[in-house]
Amino acid sequence: MDTRAFKRSLHHSERYNRRGFGLGDEVAGNLEQAYQSDLIAKLRETGHTLQRGRLTVRLAEAFGFCWGVERAVAMAYETRRHFPTERLWITNEIIHNPSVNDHLRQMDVKFIQVDQGVKDFSEVAGGDVVILPAFGATVQEMQLLNERGCHIVDTTCPWVSKVWNTVEKHKKHSFTSIIHGKVKHEETLATSSFAGTYLVVLDLAEAQLVCDYILGNGDRTAFMARFAKACSPGFDPDRDLLRLGVANQTTMLKSETEEIGRMFERTLLQRFGPIELNEHFLAFNTICDATQERQDAIFTLVDEPLDLMVVIGGYNSSNTTHLQEIAVSRGIRSFHIDTPERIGPGNRIDHMPLGGALELEEPFLPEGPIRVGITSGASTPDRVVEDVIKRLIDLCQT
């Protein structure tokens, strides 16, 4: 499929909107009330530090809502204001944050149901309004909605669109796209739908397996079994790993994406030599600025003396999980929570350990003076961060 031509056609449709409806001033008050925080604004102006009794809170210098998330949420509010009576759907969570999605449900925004991993669009009718979330939608979903005669409001983050453009360049020049991402994540699914031939690698270990195969040190059967659900239809590793371009899910760990790119460059250099390298390897920078800023900020924060770290964001939020990963890698007691309500009375916390399932820890805070680092994923409103801080203050006063 010529995905570029489809996008051009869709973007010229009268039923497609990706710029909002000019209602920013009308929804600004609602957004401020729901998501902004005077306390957090003050902390940003006063060194990101709060002292209350025995508790010291250290906020990361970059955290929370990014520009792309703010844009997507504002467009969703504008869409409801512009279409006050139409049925309004969203193809997935607007962003990976439960409080934000709950607000949309209260505005009578319907979420496409998922049955055994497959979205059910059967109830969506012509004339309905459908929002595409910040991390995008697949080409196939866009086609279906367009053919059904829906009004499409596209809040896809421009950084995600940049990655789509990158894999389309790979496709144009007959390069296989190596996508660093989580194979079932909505953004990676969308990105792979714009690619031609592709292979998704989760981490450095999987990237190393692919590099070993390129250098003749792998078993084809084992390779295909490992990546059967992470590659394009008809993928042939003996044919499709000779010309490679690297892209990524924008919320992955920056340092890991960069190292994966270097791994493939070294591997293809070893196989084909410096003169032919440019015929076999392409690299574009597709790391999101906001993701990078938040990761850089927590790397700085974890160098400080902290007793523990609280990371706030949706449990299915990739960028939040990587913030947690950085804290854990430094040996800091770290707790990932999705809502303030996870911190309860009696000095207890329900949290999600890295790679684990929800568990309860009680007591949560140690006795005596305590220094707590706090950061949040790009989908977490300041109001949620404020509520977490207030709960910590309450626990330290009891």
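Provided above is the structure to which this section pertains.
Residues numbered from 1 in each chain as written. Predicted model: local features only at pLDDT ≥ 70, side-chain atom pairs only at ≥ 80, totals over all residues. Heavy atoms only, no water.

Asker: Any chance you could explain the overall build of the protein chain here in plain terms?
Answerer: The helix and strand inventory of the protein chain stands at 15 helices and 19 strands. By the compact-globule yardstick of 21 Å for 398 residues, the protein chain fits well, its C-alpha radius of gyration being 22 Å. A principal-axis box enclosing the C-alpha atoms of the protein chain has dimensions of 65 × 55 × 35 Å. Burial statistics for the protein chain: of 398 residues in total, 55% are counted as buried. Counting contacts in the protein chain only where the partners sit at least 6 residues apart, residues at least 24 apart contribute 70% of the total. If you sum the accessible surface of the protein chain, you get close to 17,900 Å²; carbon and sulfur atoms cover 48% of it. Averaging the positions of the 43 positive and the 55 negative side-chain charges in the protein chain gives two centres separated by 3 Å. (Helix = DSSP H or I, 4+ residues; strand = E, 2+ residues; numbered from the N terminus. Rg over C-alpha atoms; globule rule 2.2 N^0.38 Å. Buried < 20%, exposed > 50% of the residue type's maximum accessible area, 1.4 Å probe, protein only. Contact = heavy atoms within 4.5 Å. Areas by Shrake-Rupley, 256 points an atom, 1.4 Å probe, with all protein chains shown as cover. Lys, Arg positive; Asp, Glu negative; His and termini not counted. Charge placed at Lys NZ, Arg CZ, Asp CG, Glu CD.)

Asker: Could you clarify how one ought to interpret the pattern of salt bridges in this entry?
Answerer: Side-chain pairs of opposite charge can arise where the charged atoms are in close proximity. Counted under the stated rule, the structure contains 21 salt bridges. The salt bridge partner of Arg44 is Asp382, with a shortest N-O separation of 2.6 Å. Linking Arg44 in helix α3 (residues 38-45) with Asp382 in helix α15 (residues 382-397), this pair joins segments that are 338 residues apart in sequence. With a relative accessible area of 35%, Arg44 lands in the partly exposed category. Assessed through its relative accessible area of 13%, Asp382 is described here as buried. (Salt bridge = Lys/Arg side-chain N within 4 Å of Asp/Glu carboxyl O.)

Asker: Mind showing me how you'd approach the sheet that holds strand β19 (residues 370-376) here?
Answerer: In a beta sheet, neighbouring strands pair by backbone hydrogen bonds and run either parallel or antiparallel. Reading across the sheet, the 5 strands line up as β2-β3-β19-β14-β15 and stay open at both edges, with mixed pairing between neighbours. The sheet is open, and its two borders are formed by β2 (49-52) and β15 (334-337), each paired with just one other strand. Between one strand axis and the next, the sheet turns by 20 degrees as a mean value, whatever way the strands run. With 5 bridges joining them, strand β14 (residues 308-312) and β19 adopt parallel strand pairing. Directly across from Ile312, in β19, lies its bridge partner Ser376. Sheet strands touched by helix α13 (residues 289-301): β3 (55-59), β14 and β19. Its angle to β19, the strand with the most contacts, is close to 170 degrees. (Pairing = 2+ DSSP bridges. Axes fitted to C-alpha atoms, helices over the stretch in contact; angles between N-to-C directions.)

Asker: Looking at this structure, I do not really get the packing of aromatic side chains. What am I missing?
Answerer: The way to describe two aromatic rings as a pair is by their centre distance and the angle between their planes. Throughout the structure, instances matching the rule amount to 7 aromatic pairs. Ring geometry for Phe21 against Phe83: centres 5.7 Å apart, planes inclined by 90 degrees, an arrangement best described as edge-to-face. Here Phe83 lies in the loop between α4 (67-82) and β4 (88-90) and Phe21 lies in the loop between β1 (16-17) and α2 (24-35), a separation of 62 residues in the sequence. Comparing Phe21 with Phe83 shows no difference in burial state: the two are buried. Judged by centre distance (5.8 Å) and plane angle (50 degrees), the rings of Tyr35 and Phe65 are tilted. In this pair, Tyr35 sits in helix α2 while Phe65 sits in the loop between β3 and α4, placing the two residues 30 residues apart along the sequence. Overall, the relative accessible area of 4% leaves Tyr35 in the buried class. Over the ring of Phe111 we find Arg105; its NZ or CZ atom is 4.2 Å from the centre of that ring. (Phe/Tyr/Trp six-rings, centres within 6.5 Å; stacked < 30°, edge-to-face > 60°. Lys NZ or Arg CZ within 6 Å of the ring centre and 35° of its normal.)

Asker: It is not clear to me how the sheet that holds strand β13 (residues 281-283) should be interpreted in this structure. Could you clarify?
Answerer: Here we have 4 strands laid out as an open sheet, ordered β11-β10-β12-β13, and parallel in their pairing. Looking at strand neighbours, the two that pair on one side only are β11 (198-201) and β13, the edges of this open sheet. Going across the sheet, the axis of each strand differs from the next one's by a mean of 25 degrees, ignoring polarity. Across the face of the sheet, helix α7 (residues 158-172) comes into contact with β10 (176-180), β12 (244-248) and β13 while running at roughly 170 degrees to β12. Of the strands in this sheet, β11 and β12 are in contact with helix α9 (residues 204-214), which crosses β11 at around 135 degrees.

Asker: Hey, could you run me through the environment of Thr197 in this one?
Answerer: Along the chain, Thr197 falls in the loop between α8 (186-194) and β11. Spatially, the C-alpha atom of Thr197 lies 6.3 Å from that of Ser177, the residues being 20 residues apart in sequence. With residues up to four places along the chain from it excluded, the contact list for Thr197 reads Phe175, Thr176, Ser177, Ser232, Phe235 and Asp240.

Asker: Honestly, α3 in this entry has me stumped. Any pointers?
Answerer: Between the side-chain oxygen of the N-cap and the backbone nitrogen of Leu39 there are 3.3 Å, and the N-cap of α3 in question is Ser37. Downstream of α3 by a residue or two, Gly47 has a phi angle that is positive, lying close to 85 degrees. (Polar contact = N/O pair within 3.5 Å; in protein donor to acceptor, adjacent residues only side chain to side chain.)

Asker: What should I look at first to understand the nonpolar core in this one?
Answerer: Looking at soluble globular proteins, one finds that nonpolar side chains tend to be buried together. Among the nonpolar cores identified, the biggest contains 82 residues, and Val73, Tyr77, Ile94, Leu199, Val210, Leu241 and Phe264 are the most heavily contacted of them. Residue contributions to this core peak at 7 residues, all from α4. If sequence neighbours within four positions are ignored, Ile94 has contacts with Ala72, Ala76, Val100, Asn101, Leu104, Phe111, Ile131, Pro133, Ala134, Phe135 and Thr155. (Core = buried A, V, L, I, M, F, W, Y, C linked by side-chain atoms within 4.5 Å.)

Asker: Help me out: how do you make sense of the side chain of Ser318 in this one?
Answerer: As for its placement among the helices and strands, Ser318 is situated in helix α14 (residues 318-329). Taking the relative accessible area as the measure of exposure, Ser318 reaches 2% and is therefore buried. Among the polar contacts listed, one links the side chain of Ser318 to the side chain of Thr251, at a separation of 3.2 Å. Not counting the four nearest positions on each side in its chain, Ser318 is found in contact with Lys182, His185, Gln249, Thr251 and Met252.

Asker: Help me out: how do you make sense of the pairing of β2 in this one?
Answerer: Side chains on a regular strand alternate between the two faces of the sheet. Direction of pairing for β2 relative to β3: antiparallel, over a ladder of 4 bridges. Following the sheet pairing, Gln51 is matched in β3 by Thr56. Linking β2 to β3, which pair antiparallel, is a turn of 2 residues; within it Gly53 sits at a positive phi near 60 degrees.

Asker: Honestly, the pairing of β11 in this entry has me stumped. Any pointers?
Answerer: Neither face of β11 is exposed, since Tyr198 and Val200 on one face and Leu199 and Val201 on the opposite face are all buried. Relative to β11, β10 runs parallel, the two being bridged by 4 bridges. Counterpart to Ser177 in the pairing with β11 is Tyr198. Between β10 and its parallel partner β11, the chain crosses via α8, and the hand of that crossover is right-handed. (Right-handed = clockwise from strand over helix to strand, strands pointing away.)

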